[in-house]
Amino acid sequence: MLRPAEPIDVALTLRPLARGMVDPTMRVQQGEVWRATRTPEGPATMRVCNSGNDIVVTAWGEGATRALDQAEELVGVKDDHSAFRPSNRRLRELTRHLAGLRLACTRRVVEVLIPTVVEQRVQGMEARKSYRSLVRETSEPAPGPSIVGTGLMLPPDPARLATMPYYEFHSFGIERRRADVIRRICSAASRLEETCDMDRATARQRLTAISGVGPWTSEYCMLLALGDPDAVIVGDYNLPSVVAWVLAGERSADDDRMLELLEPFRGQRGRAMLIIEASGIRPPRRAPRSRVRSIARI
């Protein structure tokens, strides 16, 4: 039982970790989240749910003890948001409206990096489909009670992905470039997990030392795995325009404009982006979605 000083909405806080609405490693619903993970001690399944102002956390599997020990960080109990006092009126209103949102910290770096690399340079729908296929074909069911047996899977095993030839990723819709990045990440898994105990500058340096892990990928990891409230995701196709629309009413923007608008929140820029994303507010669409290509058929 966790007793946070202020109410935390577990679904709102943990939803950014889910890759789409049908992530095979997570189930997110109002007031309750099921999440599968791999710890150094072994696999674990967590059930995290709101109970009044308290949070009830239950875990199963060989890694259950480690998962419970890190539950406070995962659900944002240790997330200090006191320094975030936005002057922008709209962001201030969103912060009040999403008062239960905290910055999650998984401390599972490779688990965040793998699906993030899958999302590099492709549409979200295509990436989520690829990640689902990757998990279902290379992983195994998560431990726990029968309710989880409806399909909750463990994240991919880095040791297995590290030794898979690149062409086996094609059936998941992942071409050689992304496959090679995933394999490099998995081969360096133990060194990457060490970033959890490094200062932020050193952690970024360690992450980006992997060829194919650039600022977009590393900042997602800094935000979600390491809980950095100032992680700024640059290089995203949609995010600059979303930020500009919420903060300035501008329909389109590039990274430079986004960084300019986020500058007043330096130190908490990642938190500002997280709140904006969670709001669901988006600029009006000007054109139909582009056609999704299929790498799996290559």
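Presented here is an overview of the structure given in this document. (Residues numbered from 1 in each chain as written. Predicted model: local features only at pLDDT ≥ 70, side-chain atom pairs only at ≥ 80, totals over all residues. Heavy atoms only, no water.)

## Describing the overall build of the chain
Looking only at helices and strands, the chain features 14 helices and four strands. Taken over C-alpha atoms, the radius of gyration comes to 19 Å for the chain, in line with the 19 Å a tight globule of 298 residues would show. Counting only C-alpha atoms and orienting by the principal axes, one finds that the chain spans roughly 50 × 45 × 35 Å. Residue burial in the chain is summarised as follows: out of 298 residues, 52% are buried. As displayed, the chain has an accessible area near 14400 Å², and 48% of this comes from carbon and sulfur atoms. Counting 44 positive and 37 negative side-chain charges, the chain places the centres of these two groups 6 Å from one another. (Helix = DSSP H or I, 4+ residues; strand = E, 2+ residues; numbered from the N terminus. Rg over C-alpha atoms; globule rule 2.2 N^0.38 Å. Buried < 20%, exposed > 50% of the residue type's maximum accessible area, 1.4 Å probe, protein only. Areas by Shrake-Rupley, 256 points an atom, 1.4 Å probe, with all protein chains shown as cover. Lys, Arg positive; Asp, Glu negative; His and termini not counted. Charge placed at Lys NZ, Arg CZ, Asp CG, Glu CD.)

## Concerning the state of the cysteines
On inspection of all chains with the given rule, the structure shows zero disulfides. Unpaired in this structure, Cys196 has its nearest cysteine sulfur neighbour in Cys105, at a distance of 6.8 Å. Given the relative accessible area of 15%, Cys196 is considered buried. (Disulfide = S-S within 2.5 Å.)

## So, the environment of Pro7
By secondary structure assignment, the location of Pro7 is in the segment before α1 (10-14). As for Pro7 and Leu101, which are separated by 94 residues in sequence, their C-alpha atoms are 9.0 Å apart. With residues up to four places along the chain from it excluded, the contact list for Pro7 reads Asn53, Ala99, Gly100 and Arg102. (Contact = heavy atoms within 4.5 Å.)

## Quick notes on the sheet that holds strand β2 (residues 32-39)
With antiparallel pairing, the four strands of this open sheet are ordered in space as β1-β2-β3-β4. Each edge of the open sheet is held by one strand with a lone partner, namely β1 (26-29) and β4 (54-60). Each adjacent strand pair in this sheet contributes to an overall mean axis angle of 20°, direction not counted. In terms of strand pairing, β1 meets β2 through four bridges, oriented antiparallel. Looking at β2, one finds that Met26 is bridged to Arg35. (Pairing = 2+ DSSP bridges. Axes fitted to C-alpha atoms, helices over the stretch in contact; angles between N-to-C directions.)

## Here we look at the pairing of β2
Among the eight residues in β2, eight count as buried, and that is most of the element. Connecting the antiparallel pair β1 and β2 is a turn made up of two residues, with Gly31 showing a positive phi of about 75°. Bridge count for β2 against strand β3 (residues 42-51) is eight bridges, and the pairing is antiparallel. Counterpart to Thr39 in the pairing with β3 is Gly42. The antiparallel hairpin formed by β2 and β3 contains two residues in its connecting segment.

## Thoughts on helix α10 (residues 200-208)
Those residues of α10 that sit buried are Ala203, Arg206 and Leu207. In a view along the axis of α10, the buried residues occupy a sector of 100°, so they form one face of it. Exposed residues lying more than 90 degrees from the buried face of α10 are Ala201 and Gln205. Contacts made by the buried residues of α10 are with α5 (109-118), α9 (189-193) and α11 (215-224). Where α10 begins, the side chain of Asp199 points an oxygen toward the backbone nitrogen of Ala201, at a separation of 3.2 Å. (Arc of directions from axis to C-beta. Polar contact = N/O pair within 3.5 Å; in protein donor to acceptor, adjacent residues only side chain to side chain.)

## Section: α11
Along α11, nine of the ten residues are buried, which leaves the element largely enclosed by surrounding structure. Within α11 the residues assigned to the buried category are Trp216, Thr217, Ser218, Glu219, Tyr220, Cys221, Met222, Leu223 and Leu224. Among the structural elements, α5, α10 and α14 (269-279) are those in contact with the buried residues of α11.

## Considerations on the packing of helix α12 (residues 239-248) against helix α13 (residues 255-262)
At a minimum axis separation of 9 Å, α12 and α13 run at an interaxial angle of 40°. The angle between the axes of α12 and α13 places the two elements in the oblique class. Of the two possible hands of crossing, α12 and α13 adopt the one that is left-handed. Of the residues in α13, those touching α12 at Leu239, Pro240, Val243, Ala244, Leu247 and Ala248 are Asp255, Arg257, Met258, Leu261 and Leu262. Among the residues making up the contact of α12 with α13, the classes are represented as nine nonpolar, no polar and two charged. (Parallel < 35°, antiparallel > 145°, perpendicular 65-115°, else oblique. Left-handed = near helix turned anticlockwise from the far one by under 90°. Nonpolar A, V, L, I, M, F, W, Y, C, P; charged D, E, K, R; others polar.)

## Comments concerning the pattern of salt bridges
Side chains that differ in sign of charge can pair as their charged atoms come close. Applying the stated criterion across every chain, the model contains 25 salt bridges. Between Glu73 and Arg107 there is a salt bridge; the shortest N-O distance is 3.9 Å. Of this pair, Glu73 sits in helix α3 (residues 71-75) while Arg107 sits in the loop between α4 (89-97) and α5, and the two are 34 residues apart along the sequence. Using a relative accessible area of 18% as the deciding quantity, one classes Arg107 as buried. As a salt-bridge pair, Glu175 and Arg178 come within 2.7 Å of each other at their nearest N and O atoms. Within the structure, one salt-bridge network assembled from shared partners comprises Arg200, Arg204, Glu219 and Asp228. (Salt bridge = Lys/Arg side-chain N within 4 Å of Asp/Glu carboxyl O.)

## What about the packing of α12 against α14?
In helix packing, the relevant descriptors are the interaxial angle and the interaxial distance, both defined with respect to the helix axes. Contact geometry of α12 with α14 gives a least axis separation of 10 Å together with a crossing angle of 85°. On the basis of their axis angle, the class for α12 and α14 is roughly perpendicular. Judged by residue contacts, Leu239, Val242, Val243, Val246 and Leu247 of α12 engage Met273, Ile276 and Glu277 from α14. The class makeup of the residues in the contact of α12 with α14 is seven nonpolar, no polar and one charged.

Limitation: the analysis is restricted to geometry and does not speak to function.
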